[in-house]
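The primary structure of each chain is shown beneath.
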Amino acid sequence: MNEVLIQARDLCVSYRNGRERIDVLRGLSLELRRGEAVAIIGPSGSGKSTLLNLLNGLLQPDSGSLRVLDRDAAGLAENDWARLRRTRIATLFQDGNLVPTLTVERNIAFRAGLAGLQQHSGQALLERLDIADIARRYPDQVSGGQRQRAALACAFIMEPEIILADEPTGSLDQATARRVTPLFFDAIRERALGALIVTHNTELARRCDRVLELRRGALEPWDSALSS
């Protein structure tokens, strides 16, 4: 089993604003291994969302190479990427990205079904994340923090190999974040997942195995002394 889940080399992405060319990523390189949590920090507009979109196949680079789950991303068709997002790559969005017409428990069952799982531990996840009492409510009937915990349950129910998380504790109050964060990292270790976490939360970032800062379109080791 290949321990390297994501390997990016010299990725470049740009777009045009009229006659002006805007370089977002400039030769970005990254490696993510099983059981590893890597935090990506950086100011708004630095390209963090662009990077996540590259890694889950929603965007193609202008140049550079990318291997995901031991496959060359350049050779993956859209239906290949869609299959990976259903079964092996879980993306956690800031808004939760739940299906509004399904209850919380049915959202979880739906995600398990997409992953091809007939039996799943949805109830156990609800209880572990302390949201069993909202299982039969719809997303618009619960708080932002509860939605985010439901989204975590949807991600883990897939039994993915990679989690791409955009501010996974951003909607949680401080007390809830402190309860949920250890569960998040325990699941990464227990299931030997690879997690790439985009965050502004330095406390969350410090819990990761590595912290990288996205600056001038490339990733550099984060110097926490300069941010304290």
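Residues numbered from 1 in each chain as written. Predicted model: local features only at pLDDT ≥ 70, side-chain atom pairs only at ≥ 80, totals over all residues. Heavy atoms only, no water.

Draft legend 1. How the structure looks around the packing of helix α3 (residues 104–114) against helix α5 (residues 144–157). Where α3 meets α5, the axes come as close as 8 Å, and the angle between the chain directions of the two elements is 25 degrees. In this view, α3 runs roughly parallel relative to α5, as classed from their interaxial angle. Crossing handedness for the pair α3 and α5: right-handed. Together, Val104, Asn107, Ile108, Arg111 and Ala112 of α3 and Ala150, Ala153, Cys154 and Ile157 of α5 make up the contact between the two elements. Grouping the amino acids of the contact of α3 with α5 by side-chain chemistry returns seven nonpolar, one polar and one charged. (Axes fitted to C-alpha atoms, helices over the stretch in contact; angles between N-to-C directions. Helix = DSSP H or I, 4+ residues; strand = E, 2+ residues; numbered from the N terminus. Parallel < 35°, antiparallel > 145°, perpendicular 65-115°, else oblique. Left-handed = near helix turned anticlockwise from the far one by under 90°. Contact = heavy atoms within 4.5 Å. Nonpolar A, V, L, I, M, F, W, Y, C, P; charged D, E, K, R; others polar.)

Draft legend 2. Representation of the environment of alanine 8 in the model. Its location among the elements puts alanine 8 in strand β1 (residues 4–17). Using a relative accessible area of 0% as the deciding quantity, one classes alanine 8 as buried. With sequence-adjacent residues up to four places away left out, alanine 8 is seen in contact with Leu28, Ser29, Leu30, Ser65 and Leu66. (Buried < 20%, exposed > 50% of the residue type's maximum accessible area, 1.4 Å probe, protein only.)

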